[in-house]
Amino acid sequence: MRKHIMFASLFHVFRLLLAWLAVYLALVITLNETWLGRVDFDFGPLGPLLGFALCGWVLLEVFSHMRRVRLVTGHLDASTLSNRQRRQIEIPLEAGEAFDMIDAAIRELPGATVVDSARDSLQVRAKVARIDPYGKEASQLWGLEAFGNRRNQILATVTPNGDVAGSVTLICEPEAPAWTDWFLVDHGTNLENAEAVVRAIARRIAERRRAEANQVRESVTEKELTVARLNLLHAQVEPHFLYNTLASAQVLTRSDPARADAMLGNLIQYLRHSLPRTEDAPSTLGEELERARAYLDILAIRMGPRLALQVDVPDELRRLVFPPMMLQTLVENAIKHGLEPKPGGGTVWILARAVGGEHAQAVAVTVADDGRGFSSEGAGTGIGLRNVRERLRLAYGTGASFAIVANFPSGVAATITVPLALQGTGGRHAA
């Protein structure tokens, strides 16, 4: 490895020495054959001194260039010593995003003065002022200010690699023809530009990956918070009549054991459908209907003929996914705020229908009553209905709706509309 580095360094030195010596000899021969050959002039020791001075200047420039390249990269080889740098960068983004990233990285280079980018052709061309690493004083000392003011240039071309990646070819070189590399060095400035662009791309990709990871973590956290809020809202609409039902059953065991047994059976049926569910086991409209009927059967024992029930839910809709406890909330509201305050009681209707005709995409479930309606005597706190709206928003976003209107000739009709999906389809719309 050391031999390879030494060979590359020596070759670089001798190449520039030979190039300048060839120019010097050609100049001396030309002058001698033309102008100096016609006059009585003798170079004497001046010729060799000029040659040694030229060699000394070239060696100083070359060793300065090699030293700076070694400081920048930590090693020397033919690639790092070259004035012209080429990089192939694979960016794991589609070509348009890769172009935006390389364009921004080039524009932010120190000394970038002219940047011409063409997004359609996925090319970026730029002129970058060559910053003298040793300052203007050093350039003036050696008579190099003309060389120090030259510019570098950059060409970046993005090649699409499918829909998920872009390959960038980056070329950093002096703003001069290639033959000048035999005589001049850039003191590693193009190497610095190439490495700076590569670092900028790596940093931007890392930032993007961190942002994506943070977004995933935030999504997971938001999902956990959503589930927690759903559970809290679910807990707020859990059956509030449990103790009253048990107390009523206790009284009936003394006066009417058969009715007490029926009430406890309905309570067991109700509680069985009220057990907590996991996300992988959503409720169905049929299960929610059984829970509501068990609840109403319990109340029918307590209210007697003051409560009537009519259900119109087609069998083909009972397998549809339906959020738990929402139908129950609407039924409880109809009883507590509609029928119980009404002296003569009334009827509760539970209706379901597909929405959208032949290509239905949603199911609408309505709970209606002919009770007190929106009168002040029958109004409640509204917590249950607010919970219904909030749970629908958390579970479906804008894909579900809730509406409550006055029923005719009296009472209230509340309707929940949710996307139509069969249990076991993973939430996909049913055909």
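Predicted model, so just to flag it, every value in this text is computed and none were measured. (Residues numbered from 1 in each chain as written. Predicted model: local features only at pLDDT ≥ 70, side-chain atom pairs only at ≥ 80, totals over all residues. Heavy atoms only, no water.)

Enquirer: I tried to follow the pattern of salt bridges on my own but got confused; where do I start?
Expert: For side chains of opposite charge, pairing can occur when their charged atoms come near one another. Within this structure, the stated rule accounts for 16 salt bridges. The shortest N-O distance in the salt bridge between arginine 259 and aspartate 256 comes to 3.8 Å. Residue arginine 259 is classed as partly exposed on the basis of its relative accessible area of 36%. In this structure, a network of salt bridges that share partners links the residues Glu97, Arg208, Arg209 and Glu212. (Salt bridge = Lys/Arg side-chain N within 4 Å of Asp/Glu carboxyl O. Buried < 20%, exposed > 50% of the residue type's maximum accessible area, 1.4 Å probe, protein only.)

Enquirer: Could you clarify how one ought to interpret helix H11 (residues 326–339) in this entry?
Expert: An α-helix turns once every 3.6 residues. As a result, residues three or four positions apart point the same way. Given a rise of 1.5 Å per residue, 14 residues ought to cover 20 Å, and the 19 Å separating the end C-alpha atoms of H11 matches this to within 8%. The element H11 is largely enclosed, with a buried count of 12 among its 14 residues. Inspection of H11 places Met326, Leu327, Gln328, Thr329, Leu330, Val331, Glu332, Asn333, Ala334, Ile335, Gly338 and Leu339 among the buried residues, and these make up the whole buried set. (Helix = DSSP H or I, 4+ residues; strand = E, 2+ residues; numbered from the N terminus. Expected span 1.5 Å × (residues − 1).)

Enquirer: Is there a simple way to think about the packing of H11 against helix H12 (residues 383–396) in this case?
Expert: Between two packed helices, what matters for the description is the angle formed by their axes and the separation of those axes. The contact between H11 and H12 brings their axes to 10 Å, and the two run at 160 degrees. Classified by the angle their axes make, H11 and H12 are roughly antiparallel. In terms of crossing hand, the pair formed by H11 and H12 is left-handed. Contact residues: H11 offers Met326, Thr329, Leu330 and Asn333, while H12 offers Gly384, Leu385, Val388, Arg391 and Leu392. Per-class residue counts for the contact of H11 with H12 are five nonpolar, three polar and one charged. (Axes fitted to C-alpha atoms, helices over the stretch in contact; angles between N-to-C directions. Parallel < 35°, antiparallel > 145°, perpendicular 65-115°, else oblique. Left-handed = near helix turned anticlockwise from the far one by under 90°. Contact = heavy atoms within 4.5 Å. Nonpolar A, V, L, I, M, F, W, Y, C, P; charged D, E, K, R; others polar.)

Enquirer: I tried to follow H12 on my own but got confused; where do I start?
Expert: Across its 14 residues, H12 extends 20 Å between first and last C-alpha, which sits within 8% of the 20 Å expected from 1.5 Å per residue. All of the buried residues along H12 are Gly384, Leu385, Asn387, Val388, Arg391, Leu392 and Leu394. Immediately downstream of H12, the backbone of glycine 397 shows phi near 65 degrees, a positive value.

Enquirer: Sorry if this is basic, but what is going on with the nonpolar core here?
Expert: Where a protein is soluble and globular, its nonpolar side chains tend to be buried together. One finds Ile335, Ile350 and Ile416 to be the most contacted residues of the largest nonpolar core, which totals 38 residues. When contributions to this core are tallied by element, the ones reaching two or more residues are helix H10 (285–303), H11, strand S7 (346–355), strand S8 (362–369), H12 and strand S10 (412–419). Of all hydrophobic cores here, the second largest spans 27 residues; its members include Met101, Leu122, Ile201 and Ile205. (Core = buried A, V, L, I, M, F, W, Y, C linked by side-chain atoms within 4.5 Å.)

Enquirer: What is the right way to look at the packing of helix H9 (residues 257–272) against H10 in this model?
Expert: At a minimum axis separation of 8 Å, H9 and H10 run at an interaxial angle of 155 degrees. The angle between H9 and H10 places the two elements in the roughly antiparallel class. The interaxial crossing formed by H9 with H10 has left-handed handedness. For the pair H9 and H10, contact is made by Arg259, Ala262, Met263, Asn266, Leu267, Gln269 and Tyr270 and by Glu290, Arg291, Ala294, Tyr295, Asp297, Ile298, Ile301 and Arg302, respectively. Of the residues that constitute the contact of H9 with H10, the class distribution is eight nonpolar, two polar and five charged.

Enquirer: Teacher, can you tell me more about the sheet that holds S7 here?
Expert: Whether parallel or antiparallel, the strands of a sheet pair through hydrogen bonds between backbone atoms. The five strands lie next to each other as S6-S7-S8-S10-S9, forming an open sheet whose pairing is mixed. One side of each edge strand has no neighbouring strand; the edge strands of this open sheet are strand S6 (307–312) and strand S9 (401–406). Here the strands of the sheet are splayed against their neighbours by 15 degrees on average, with no regard to which way each runs. Relative to S10, S8 is paired through seven bridges, and the arrangement is antiparallel. (Pairing = 2+ DSSP bridges.)

Enquirer: Quick question: what am I supposed to make of the confidence of the model for the protein chain here?
Expert: In low-pLDDT regions, the fine details of the predicted coordinates are not to be read closely. Across the protein chain, pLDDT averages 79, with 79% of residues at or above 70. Note on residues 137–149: pLDDT is under 50 here. Beyond four places in sequence and across chains, it has 12 contacts. A low-confidence stretch, residues 425–431 stays under pLDDT 50, and its non-local contacts, those more than four residues away or across chains, total 11 contacts. (pLDDT = per-residue confidence, 0-100.)

Enquirer: Just to check I follow, could you spell out the pairing of strand S5 (residues 166–174) for this structure?
Expert: Residues in a regular strand point their side chains to alternate faces of the sheet. Counted residue by residue, S5 has seven buried out of nine residues, so it is predominantly covered. With seven bridges joining them, strand S1 (residues 85–91) and S5 adopt antiparallel strand pairing. Note on S5: the bridge partner recorded for glutamine 85 is cysteine 172. Examined bridge by bridge, strand S4 (residues 151–160) and S5 share nine bridges and lie antiparallel to one another. Of the residues in S5, the one forming a bridge with asparagine 152 is proline 174. What sits between S4 and S5 in their antiparallel hairpin is a turn of five residues, with glycine 162 showing a positive phi close to 75 degrees.

Enquirer: Looking at this structure, how should I read the pairing of S8?
Expert: Judged by how many residues are buried, S8 sits mostly within the fold: eight of eight residues are covered. Side chains Ala362, Ala364, Thr366 and Ala368 of S8 all project onto a buried face; the interleaved residues Val363, Val365, Val367 and Asp369 project onto the opposite face, where all are buried too. Bridge analysis of S7 against S8 gives eight bridges, and the strand direction is antiparallel. Looking across to S8, one finds that alanine 354 is bridged to valine 363. Two successive antiparallel strands, S7 and S8, enclose a turn made up of six residues, where glycine 356 displays a positive phi of approximately 120 degrees.

Enquirer: I tried to follow empty space enclosed by the protein on my own but got confused; where do I start?
Expert: Over the atoms rolls a probe the size of a water molecule, and in doing so it shows where empty space is left. Considering all chains together, one arrives at one cavity of 30 Å³ or more under this definition. Roughly 40 Å³ of volume is contained in the largest cavity. As for the largest cavity, its lining consists of Asn83, Arg130, Arg150, Pro174, Thr180, Asp181, Leu184, Val185 and Asp186. Grouping the amino acids of the lining of the largest cavity by side-chain chemistry returns three nonpolar, two polar and four charged. (1 Å grid on protein atoms, 1.4 Å probe; cavity = no way out; pocket = protein on both sides within 12 Å on 5 of 7 lines; lining within 4 Å. Points joined across faces, edges and corners; volume = space filled by probe spheres on them.)

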